Amino acid sequence: MKLKVITSNPGKVAEYAKSFADLGIGMEHYRLPYDEVQTSDLEEVVSKGMDEIERKGVRDYIIDDSGLFVDALKGFPGVWSAYAQKTIGNPGILKLMEGVGDRGAEFRCCIGCDISGQRIIVTGVCRGYITDSERGDGGFGFDPIFTPDGGRTFAEIPIEEKNGMSHRGNAVKLLIEEMKKRNLVRAHQ
């Protein structure tokens, strides 16, 4: 079985491919523009996106919406993370955090999946901290300024290890659990 990963980010496709390999589910990078509603709720963004994708006749796919929610910035950039990354980037977030003692933040990832005509929506979270500077050359987006434990940033952690702890990794675990509950997949022996 193959699922279409609807994204413009090839990094996400690679993460999904590694996560689903043991289930015998392949991933296909599928580019399909769809409108993302402007709301502060990741689940609503994903649900409305799925409605539009399904109206276009696409089935057996995964979409997700992720965000970095910084405590001291009252959840900013949150659902506007992609826009913040394009406009102010990691240097801009670090500038906003200059002199701020509370470095707490969390990544959230909401995944929407249509598999065999069944719709599943799950959200995974990874708590951590904003660093004082960018570190590492792996990952993408805010990975160089986010550390899950005060040590290495996501950009310094190998993808297999990152998938075991990241917001997307946690959401994927929840998605796989739900797929198994519904008898949509089973682990290969």
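Residues numbered from 1 in each chain as written. Predicted model: local features only at pLDDT ≥ 70, side-chain atom pairs only at ≥ 80, totals over all residues. Heavy atoms only, no water.

**Topic: helix α6 (residues 167–181)**
Since there are 3.6 residues in each turn of an α-helix, residues three or four apart along the chain are aligned in direction. Our working definition: Working definition: helices are DSSP H or I runs of at least four residues, strands are E runs of at least two. Numbering for both runs from the N terminus. Helix span, expected: 1.5 Å multiplied by one less than the number of residues in the helix. Burial status follows relative accessibility: with a 1.4 Å probe on protein chains alone, a residue under 20% of its type maximum counts as buried, one over 50% as exposed, and anything between as partly exposed. Two residues form a contact once any of their heavy atoms are found within 4.5 Å.
Taking 1.5 Å of rise per residue, the 15 residues of α6 would be expected to cover 21 Å, and the 21 Å separating its terminal C-alpha atoms lies within 8% of that figure. Those residues of α6 that fall on the buried side of the exposure criterion are His167, Arg168, Gly169, Ala171, Val172, Leu175, Ile176 and Met179. Next to the buried residues of α6 lie β1 (2–6), α1 (10–20), β3 (61–70), β5 (104–115), β6 (118–130) and α5 (159–163).

**Section: the environment of Phe76**
Structurally, the position occupied by Phe76 is in the loop between β3 and β4 (77–78). Relative accessible area serves as the criterion here: at 34%, Phe76 is assigned to the partly exposed category. Through-space distance from the C-alpha of Phe76 to that of Gly150 is 20 Å; in sequence the pair is 74 residues apart. Apart from the residues within four sequence positions on either side, Phe76 is in contact with Leu68, Phe69, Val70, Ala84, Ile88, Ile93 and Leu96.

**Points about the packing of aromatic side chains**
Centre distance and the angle of the planes are the two values used to describe a pair of aromatic rings. Rule in force here: Two rings from Phe, Tyr or Trp (for Trp, the six-membered ring) form a pair when their centres sit within 6.5 Å of each other. Planes less than 30 degrees apart are called stacked, planes more than 60 degrees apart edge-to-face, and all others tilted. When the NZ atom of lysine or the CZ atom of arginine is within 6 Å of a ring's centre and also within 35 degrees of its normal, the charge is said to sit over that ring.
In total, this model carries 4 aromatic pairs according to the counting rule given. For the pair Phe146 and Phe154, a centre-to-centre distance of 5.1 Å together with 55 degrees between the ring planes defines the contact as tilted. Cation over ring: Arg108 sits above Phe69, and NZ or CZ is 3.8 Å from the ring centre. A cation over an aromatic ring shows up here: Lys162 above the ring of Phe140, its NZ or CZ 5.0 Å from the ring centre.

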